[in-house]
Amino acid sequence: MQFNFLISKCMSVNENGMTILNGSQLRNPQLDEVITTMGEASAKAQNLKQVITSPSRFYQTDQKLYIKSEGKQCLGILKIGKKNLFHRDLSGLVREIQPLCVLDFYVHESMQRRGIGKELFEEMLRCEIIYPEKLAYDRPSPKLLGFLKKHYHLSNYIPQNNNFVIFSQYFDNRQQNVNLQLASQNQQSQYSSTPSKIEQLGTLMSQMTISSTQSKNQQQQFSKSQAPWATDQKSQQNMYETTTGLMSAQIQKKR
Ligand code: ACO
């Protein structure tokens, strides 16, 4: 979307052409024009009766707006915010959750399918320190569903009355840990420009590994010392193996 002014004149743009705005941002007429124009174009692209993103619906909220621009062109926007949602699973169990949600996402028609959407989305993931499966998606369009399937292999969800999509992995803690490890490795190589966050993530992961190893060792020591019924070395070893096996089966079950 072409404007008759440099986008960087009305908002601060980083070296990747990204701007991150929050609702307490100081307003100016040109910035308002960008938000209004992109919000309207997004609503039109999604065939929505109501505009989701406008200055009046953005300022004074706790939402964030990611904007990708280049010179006088605004290429896309991504709006996020927290929502209180009720999610019903297949057994009818309703859970109340407060996920960060993708509320509006739009790349200008002339620039779609060139990776701009992924750039915007990845910038948001990095800044919010979150994984795609831990977000909720407000009434995702077929294009967004295709985008999430292609880039993040997300496709399974239970349709909800509120039209928010929560992928099944949202509730999957083990998956979260695996993803955390993988993302930590990926981010270390990919995002060398934000070492402090990566270091934090790496430290967190190594702490988790250490504590899990320590707890395993403690369990083994506990099992070894807690075998008063064992009369000789062989039967003590058998009892130890059985107990350790049972305990690890229980641990697996609890996960
Ligand atoms: N038809 C089908 N899938 C599409 C299309 C399309 N026209 N455009 C993008 N995609 C999906 C595909 O999976 C595509 O991969 P492919 O080209 O190999 O098939 C992938 O997205 C491309 O990834 P990017 O280039 O990084 O994405 P893009 O820059 O096109 O941005 C976005 C994706 C934001 C969904 C863009 O297509 C768009 O603005 N669409 C119109 C508005 C819209 O539907 N927004 C989502 C509303 S829902 C919400 O905001 C919560």
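Residues numbered from 1 in each chain as written. Predicted model: local features only at pLDDT ≥ 70, side-chain atom pairs only at ≥ 80, totals over all residues. Heavy atoms only, no water.

- You'll find the chain entered in an unreviewed UniProt entry as Alpha-tubulin N-acetyltransferase, with Paramecium primaurelia given as the organism.
- One UniProt comment on the chain, placed under Sequence similarities (unreviewed entry), says "Belongs to the acetyltransferase ATAT1 family."
- Entered under Catalytic activity (unreviewed entry) in the UniProt record, the comment concerning the chain runs "L-lysyl-[alpha-tubulin] + acetyl-CoA = N(6)-acetyl-L-lysyl-[alpha-tubulin] + CoA + H(+)". (UniProt positions renumbered as here; feature names shortened; annotations may be inferred.)

Side note on the overall build of the chain
Piece 1. If you tally the helices and strands in the chain, you get seven helices and eight strands.
Piece 2. Of all 255 residues assigned to the chain, the portion counted as buried reaches 38%.
Piece 3. Of the accessible surface of the chain, which amounts to about 15,600 Å², a share of 49% is contributed by carbon and sulfur atoms. (Helix = DSSP H or I, 4+ residues; strand = E, 2+ residues; numbered from the N terminus. Buried < 20%, exposed > 50% of the residue type's maximum accessible area, 1.4 Å probe, protein only. Areas by Shrake-Rupley, 256 points an atom, 1.4 Å probe, with all protein chains shown as cover.)

Overview of the sheet that holds strand S7 (residues 135-138)
Piece 1. The strand order S1-S2-S3-S6-S7-S8 describes an open sheet built from six strands, whose pairing is mixed. Taken across any chain shown, the strands that pair with only one partner, and hence form the sheet edges, are strand S1 (18-22) and strand S8 (164-165).
Piece 2. In the sheet, S1 pairs with strand S2 (residues 64-70) via five bridges, with the strands oriented antiparallel. Bridge assignment links Asn 22 to a residue of S2, and that residue is Lys 64.
Piece 3. Here helix H3 (residues 116-128) sits on the sheet in contact with S1, S2, strand S3 (73-82), strand S6 (100-107) and S7, set at roughly 135 degrees to S2. (Pairing = 2+ DSSP bridges. Contact = heavy atoms within 4.5 Å. Axes fitted to C-alpha atoms, helices over the stretch in contact; angles between N-to-C directions.)

Observations regarding the nonpolar core
Piece 1. Val 102, Phe 121, Met 124, Leu 135, Tyr 137 and Leu 148 are the most contacted members of the largest nonpolar core, which has 25 residues in total.
Piece 2. For this core, the elements supplying multiple residues, two or more each, are S3, S6, H3, S7 and helix H4 (142-152).
Piece 3. Formed by 18 residues, the second largest nonpolar core is a distinct cluster that contains Met 11, Ile 35, Ile 77 and Tyr 106. (Core = buried A, V, L, I, M, F, W, Y, C linked by side-chain atoms within 4.5 Å.)

Concerning the environment of Leu 21
Piece 1. Turning to its location among the elements, Leu 21 is positioned in strand S1.
Piece 2. Overall, Leu 21 belongs to the buried group, its relative accessible area being 2%.
Piece 3. Spatially, the C-alpha atom of Leu 21 lies 8.6 Å from that of Gln 63, the residues being 42 residues apart in sequence.
Piece 4. Among residues more than four places away in sequence, those in contact with Leu 21 are Leu 31, Ile 35, Phe 58, Gln 63, Lys 64, Leu 65 and Ile 67.

Side note on unusual backbone geometry
Piece 1. With a phi angle near 60 degrees, Arg 113 is a residue other than glycine that sits in the positive phi range.
Piece 2. Assignment of secondary structure puts Arg 113 in the loop between S6 and H3.
Piece 3. On the basis of relative accessible area, Arg 113 is assigned to the exposed category, the value being 87%.
Piece 4. In the Ramachandran plot, Ile 129 falls in the positive-phi region, its phi being about 50 degrees despite a non-glycine side chain.
Piece 5. Residue placement: Ile 129 occurs in the loop between H3 and S7.

Here's the deal with the confidence of the model for the chain
A low pLDDT means the predicted coordinates there should not be read in detail.
Piece 1. In the predicted model, the chain carries a mean pLDDT of 79, and 68% of its residues have values of at least 70.
Piece 2. Below a pLDDT of 50 lies the segment residues 189-196, which in the model reaches six contacts outside its immediate sequence neighbourhood of four places, other chains included.
Piece 3. Within the model, pLDDT remains below 50 along residues 215-255, and this stretch shows 15 contacts once partners closer than five positions in the same chain are excluded. (pLDDT = per-residue confidence, 0-100.)

Digging into the site of the ligand
Piece 1. Around the ligand there are 23 residues in total, and Phe 105, Arg 113, Gly 115, Ser 141 and Lys 150 lie nearest to it.
Piece 2. Between the ligand and the protein, one listed contact pairs an oxygen atom with a side-chain N or O atom of His 151 at 3.0 Å.
Piece 3. The fraction of the free accessible surface of the ligand (960 Å²) that becomes covered by protein chains is 85%.
Piece 4. The cavity that encloses the ligand is the largest pocket.
Piece 5. When contributions to the shell around the ligand are tallied by element, the ones reaching two or more residues are S6, H3 and H4. (Near = heavy atom within 4 Å. Polar contact = N/O pair within 3.5 Å; in protein donor to acceptor, adjacent residues only side chain to side chain. 1 Å grid on protein atoms, 1.4 Å probe; cavity = no way out; pocket = protein on both sides within 12 Å on 5 of 7 lines; lining within 4 Å. Sits in = over half its atoms within 2 Å of the grid points.)

Quick look at H4
Helical geometry note: an α-helix holds 3.6 residues per turn, so side chains three or four residues apart project in the same direction.
Piece 1. Along H4, the residues classified as buried are Leu 144, Phe 147, Leu 148 and Tyr 152. Looking straight down H4, one finds that the buried residues subtend no more than 95 degrees of arc, so they occupy a single side. Along H4, the residues that are exposed and aim more than 90 degrees away from the buried face are Pro 142, Lys 143, Lys 149 and Lys 150.
Piece 2. For H4, the elements touching its buried residues are S6, H3 and S7.
Piece 3. Downstream of H4 by a residue or two, His 153 has a phi angle that is positive, lying close to 55 degrees. (Arc of directions from axis to C-beta.)

As for the side chain of Glu 123
Piece 1. Along the chain, Glu 123 turns up in helix H3.
Piece 2. In terms of polar contacts, Glu 123 uses its side chain to reach the side chain of Arg 126, at 2.7 Å.
Piece 3. Not counting residues within four places of it along the chain, the set of residues in contact with Glu 123 comprises Asn 14, Asn 16, Met 18, Ile 20 and Tyr 66.

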